[in-house]
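Examining the three-dimensional arrangement
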Amino acid sequence: QKKISTIVTVNTSIGAGLTAQVPITFPETFSAIPDVYVGNITAGGGFAEVILSIAGASTTGATLFINNPKGSDYAPNFTVKIIAIGAE
């Protein structure tokens, strides 16, 4: 089993009630689809106002979804650590 992490930058304007997507590429390939988690915020701000989730995990990456639940447009700017754990 191996654990890897990658830093993803979120710097986009998201419309009211909409969701943005950021593709994630793992620095190494897994032999099976790993479990993928949102980790620590490493810099920036605006992360507390959005909802983060992971979907579409594969052996080479995943997609980070950033939802803006607010009633107005919002432009977060932060970096977040994405953690993947799975078979080598």
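Residues numbered from 1 in each chain as written. Predicted model: local features only at pLDDT ≥ 70, side-chain atom pairs only at ≥ 80, totals over all residues. Heavy atoms only, no water.

Attention shifts here to the pairing of strand β4 (residues 51-55). Sheet analysis places β4 next to strand β5 (residues 61-67), joined by five bridges and oriented antiparallel. When the sheet's bridge partners are listed, A55 is paired in β5 with T63. Count of turn residues in the β4/β5 antiparallel hairpin: five residues, of which G56 carries a positive phi of about 65 degrees. (Pairing = 2+ DSSP bridges. Helix = DSSP H or I, 4+ residues; strand = E, 2+ residues; numbered from the N terminus.)

This brings us to the sheet that holds strand β1 (residues 2-11). Taken in spatial order, the three strands make up an open sheet running β1-β6-β3, and their pairing is antiparallel. With one partner strand each, in any of the chains shown, β1 and β3 (35-45) form the two edges of the open sheet. Adjacent strand axes in the sheet meet at a mean angle of 20 degrees when their direction is disregarded. In the sheet, β1 pairs with strand β6 (residues 77-86) via ten bridges, with the strands oriented antiparallel. For N11, the partnering residue across the bridge sits in β6 and is N77. (Axes fitted to C-alpha atoms, helices over the stretch in contact; angles between N-to-C directions.)

You can see S58 is positioned in the loop between β4 and β5. The spatial distance from the C-alpha of S58 to the C-alpha of T6 is 15 Å, given a sequence separation of 52 residues. When sequence neighbours within four positions are dropped, the list of residues in contact with S58 reads F26, I33 and P34. (Contact = heavy atoms within 4.5 Å.)

Sheet architecture is open: three strands sit in the order β2-β5-β4, paired in antiparallel fashion. Both outer strands of the open sheet, β2 (19-25) and β4, are each paired with one neighbouring strand and no more. The mean inter-strand angle of the sheet, taken between neighbouring strand axes irrespective of direction, is 25 degrees. Where β2 lies against β5, seven bridges are found, and the strand directions are antiparallel.

Functional significance is not addressed by these values, which are geometric in nature.
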